[in-house]
Amino acid sequence: MNSPRTFHVKSFGCQMNVYDGARMAELLEAEGLAAAPDAGAADLVVLNTCHIREKAAEKVYSDIGRLKREDGSRPMIAVAGCVAQAEGAEIPRRAPSVDIVVGPQAYHRLPEMVASAARGERALDTDMPVQSKFGALPARRRQGPTAFLTVQEGCDKFCTYCVVPYTRGAEISRPWAAIVDEARALIDMGAREITLLGQNVNAWQGEDDKGHAQGLDGLIRALDALPGLARIRYTTSHPNDMTEGLIRAHGDVEKLMPFLHLPVQSGSDRILKAMNRSHSTASYLAVIERVRAARPDIAISGDFIVGFPGETQAEFQDTLEIVRAVNYAQAYSFKYSPRPGTPAAEMSDQIAPEVMDERLQRLQALLTEQQLRFNRASVGKRTTVLLERKGKRPGQLIGKSPWLQSVHLETDAAIGDLVDVDILSAGPNSLGGAPLMEQAA
Ligand code: SAM
Ligand code: SF4
């Protein structure tokens, strides 16, 4: 196989994968490869995979099959991400056309692996080296108005349903200086909003440049001081790591957006215990209350799993109850998916798929209703929108409100601008608005 000259990275799953995908693209560009618009036009295709649920993992194999071209040829294929980590050498056994298998902690080695594959040697690396990959990655390159910045990786919490501690490894926090430098570089390249990422981002800890111990709130305050940055977000958080300092930051750091993604998973204390979540419904609700006291207009988002082994109808009702108690602005909900190697996959009382389907539908109906109500409450209000991309209609741009709602508007302003907008309409997934100047005219 020839050395590839063009590449395409396709990322699935969480925002951290989107970040890793961007870093892999930068790495390949630094090696002189050019980005191709799609997989069909690329000499090298990187499938940056997700293993969190069965559907996501199985999709990889059908995607590999689809890379075969009409003339029988195929690109060089690299499988990266959490499926690569979890399945390793099993991937080329099942899909022999795969040339490279690289785990999430080893992708800084991608260029040498591409060189091996070009020599006809299959390359596999799922090591989790003590030395972090970040130091070996090239400087950040391209950037739009919004950017992700991974500050924390891995997880030590071992929820009984979850593969993350196995695929992403132990919890590590990137050093303060590396994060602040990367944030500065992103701002210099045009980022107006930075979202700090981590599997448990609020567990981030480190020392600042004076050697003082800091948590995520300290890091947020350091970013708040960077000129040019307008908005800071962070995701995903664990309820047990919502410190007093972080809650206070929501009250007094102006650039910190009023949005908190705080997964609870279930409204039943018995199920939470079986999940090894280490928080209760009461402690979760207490955190929400404190956050709302610090920032009354904060939008709360969450994650839910229905049909965890042994979940009774009454326990599912408890989940609907906590949803009613919190009143979410937005949320993700999933059917429980047994993940090989996790304790919950071995539990005997697995729930029937049709029961899970029915529970998921009921939960999603309630969450959609809450989301629509939250969006409708924005109508008639004036807010600031960060313009992110073009819409479908000529002159239409799409941006985000402080509460992470998509806002569609027609405007002469440019992508990257922050504009004041009157919200005129609301649907379940987006808002419609008009910029202030046009209204005055
Ligand atoms: N660290 C975050 C937390 O603890 O809330 C979540 C990170 S996880 C990558 C994202 C979400 O995937 C979880 O909040 C959970 O709702 C869902 N998830 C994880 N494992 C799952 C499984 N086996 N089946 C269904 N959903 C799952
Ligand atoms: Fe997975 Fe639980 Fe860790 Fe979140 S806290 S990444 S759900 S093990």
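Our structure's up above, just so we're on the same page.
The model shown is predicted, which means the values in this text are computed figures rather than measured ones. (Residues numbered from 1 in each chain as written. Chains lettered and ligands numbered in written order. Predicted model: local features only at pLDDT ≥ 70, side-chain atom pairs only at ≥ 80, totals over all residues. Heavy atoms only, no water.)

Participant: Sorry, what's going on with the sheet that holds strand β2 (residues 34–35) here?
Facilitator: The strands that make up a sheet pair up through hydrogen bonds in the backbone, lying either parallel or antiparallel. Taken together, six strands build an open sheet; the order of strands is β2-β1-β3-β4-β5-β6 and the sheet is parallel. If you trace the sheet from one side to the other, it starts and ends with β2 and β6 (123–125), each paired once. Across three bridges, the pairing between strand β5 (residues 100–102) and β6 is parallel. Opposite valine 102, over in β6, you have aspartate 125 as the bridge partner. Contacting β3 (44–49), β4 (76–80), β5 and β6, helix α5 (residues 110–118) runs over the sheet at an angle of about 160° to β5. (Pairing = 2+ DSSP bridges. Helix = DSSP H or I, 4+ residues; strand = E, 2+ residues; numbered from the N terminus. Contact = heavy atoms within 4.5 Å. Axes fitted to C-alpha atoms, helices over the stretch in contact; angles between N-to-C directions.)

Participant: It is not clear to me how the sheet that holds strand β16 (residues 330–335) should be interpreted in this structure. Could you clarify?
Facilitator: Strand order in this open sheet of three strands is β14-β15-β16, and the pairing throughout is parallel. Strand pairing shows two members of the sheet lacking a second neighbour, β14 (259–261) and β16, which therefore form its edges. Pairs of neighbouring strands in the sheet enclose a mean axial angle of 10°, with direction left out of account. As paired elements, β14 and strand β15 (residues 299–306) share three bridges and run parallel to each other. By the bridge assignment, phenylalanine 259 is partnered in β15 with alanine 299. In this fold helix α13 (residues 353–376) packs onto β15 and β16, with an angle of close to 175° to the strand it touches most, β16.

Participant: Would you take a moment to explain the site of ligand 1 for this structure?
Facilitator: The local shell around ligand 1 holds 18 residues, among which Gln199, Gln265, Arg277, Asp303 and Ser337 are the closest. Separating a nitrogen atom of ligand 1 from a side-chain N or O atom of asparagine 200 is a distance of 3.5 Å. The protein chains hide 92% of the 570 Å² of surface that ligand 1 would expose on its own. Looking at the shell around ligand 1, its residues break down into seven nonpolar, six polar and five charged. (Near = heavy atom within 4 Å. Polar contact = N/O pair within 3.5 Å; in protein donor to acceptor, adjacent residues only side chain to side chain. Areas by Shrake-Rupley, 256 points an atom, 1.4 Å probe, with all protein chains shown as cover. Nonpolar A, V, L, I, M, F, W, Y, C, P; charged D, E, K, R; others polar.)

Participant: Whenever I open this one, the site of ligand 2 confuses me. Can you help?
Facilitator: Around ligand 2, the neighbouring residues are Cys155, Lys157, Phe158, Cys159, Tyr161, Cys162, Val164, Pro165, Asn200, His238 and Arg277. Partitioning the shell around ligand 2 into residue classes produces seven nonpolar, two polar and two charged.

Participant: Looking at this structure, how should I read helix α1 (residues 15–30)?
Facilitator: Residues spaced three or four apart along an α-helix point in a common direction, a consequence of the helix completing one turn every 3.6 residues. The first and last C-alpha atoms of α1 sit 23 Å apart over 16 residues, in line with the 22 Å expected at 1.5 Å per residue. Within α1, twelve of the 16 residues are buried, leaving the element largely enclosed by the surrounding structure. (Expected span 1.5 Å × (residues − 1). Buried < 20%, exposed > 50% of the residue type's maximum accessible area, 1.4 Å probe, protein only.)

Participant: Quick question: what am I supposed to make of the packing of α1 against α5 here?
Facilitator: Geometry of a packed helix pair, given as the angle between the helix axes and the separation of the axes. At a minimum axis separation of 10 Å, α1 and α5 run at an interaxial angle of 65°. Of the residues in α5, those in contact with Met24, Leu27 and Leu28 of α1 are Leu110, Pro111 and Val114.

Participant: Sorry, what's going on with the pairing of strand β10 (residues 193–197) here?
Facilitator: Counting buried positions over the five residues of β10 gives five, a clear majority of the element. Residue alternation in β10 divides its side chains into two sets, Glu193, Thr195 and Leu197 and Ile194 and Leu196, and both sets are buried. Where strand β7 (residues 146–150) lies against β10, five bridges are found, and the strand directions are parallel. Counted as the bridge partner of threonine 150 is leucine 197 from β10. Bridge analysis of β10 against strand β13 (residues 231–235) gives five bridges, and the strand direction is parallel. Paired with leucine 197 across the two strands is threonine 235, which belongs to β13.

Participant: Would you mind going over the nonpolar core with me for this structure?
Facilitator: Across soluble globular proteins, nonpolar side chains show a tendency to be buried alongside one another. Membership of the largest hydrophobic core comes to 51 residues, with the highest contact counts inside it found for Leu196 and Tyr234. Tallying contributions element by element places helix α7 (residues 176–188) first for this core, with six residues. Ignoring any residue separated from it by four or fewer positions in sequence, one finds tyrosine 234 in contact with Thr195, Leu196, Val201, Leu216, Ile220, Met242, Leu246, His250, Leu256 and Leu260. (Core = buried A, V, L, I, M, F, W, Y, C linked by side-chain atoms within 4.5 Å.)

Participant: Help me out: how do you make sense of the pairing of strand β20 (residues 418–426) in this one?
Facilitator: If a strand is regular, its side chains alternate between the two faces of the sheet. Inspection of the sheet shows strand β17 (residues 382–390) paired to β20 by five bridges, in the antiparallel sense. Bridged to threonine 383 within β20 is valine 421. As defined by bridge partners, β20 adjoins strand β21 (residues 430–435) across five bridges and the pair is classed as antiparallel. Each residue of the ladder has a partner; that of alanine 426, found in β21, is leucine 431. The hairpin formed by β20 and β21 contains three residues between the paired strands.

Participant: Just checking my understanding: could you explain the packing of aromatic side chains for this structure?
Facilitator: Describing an aromatic ring pair means giving the distance of the ring centres and the angle of the ring planes. A full pass over the atoms with the stated rule returns five aromatic pairs. Consider the rings of tyrosine 161 and phenylalanine 308, whose centres lie 6.4 Å apart with planes at 85°: the pair is edge-to-face. Of this pair, tyrosine 161 sits in the loop between β8 (152–153) and α6 (164–167) while phenylalanine 308 sits in the loop between β15 and α12 (313–326); the two residues are 147 residues apart in sequence, bridging distant segments of the chain. On the accessibility criterion, phenylalanine 308 (0% relative accessible area) is buried. When the ring of phenylalanine 308 is compared with that of tyrosine 336, the centres are 5.6 Å apart and the planes differ by 70°; the resulting orientation is edge-to-face. On the criterion of sequence distance, the pair formed by phenylalanine 308 in the loop between β15 and α12 and tyrosine 336 in the loop between β16 and α13 is long-range, its members being 28 residues apart. Both residues of the pair, phenylalanine 308 and tyrosine 336, count as buried. Ring pairing ties together the aromatic residues Tyr161, Phe308 and Tyr336, which thus form one cluster. Sitting above the plane of the tyrosine 61 ring, arginine 94 keeps its charged end 3.8 Å from the centroid. Taking the ring centre of phenylalanine 134 as reference, the NZ or CZ of arginine 174 above it sits at 3.9 Å. (Phe/Tyr/Trp six-rings, centres within 6.5 Å; stacked < 30°, edge-to-face > 60°. Lys NZ or Arg CZ within 6 Å of the ring centre and 35° of its normal.)

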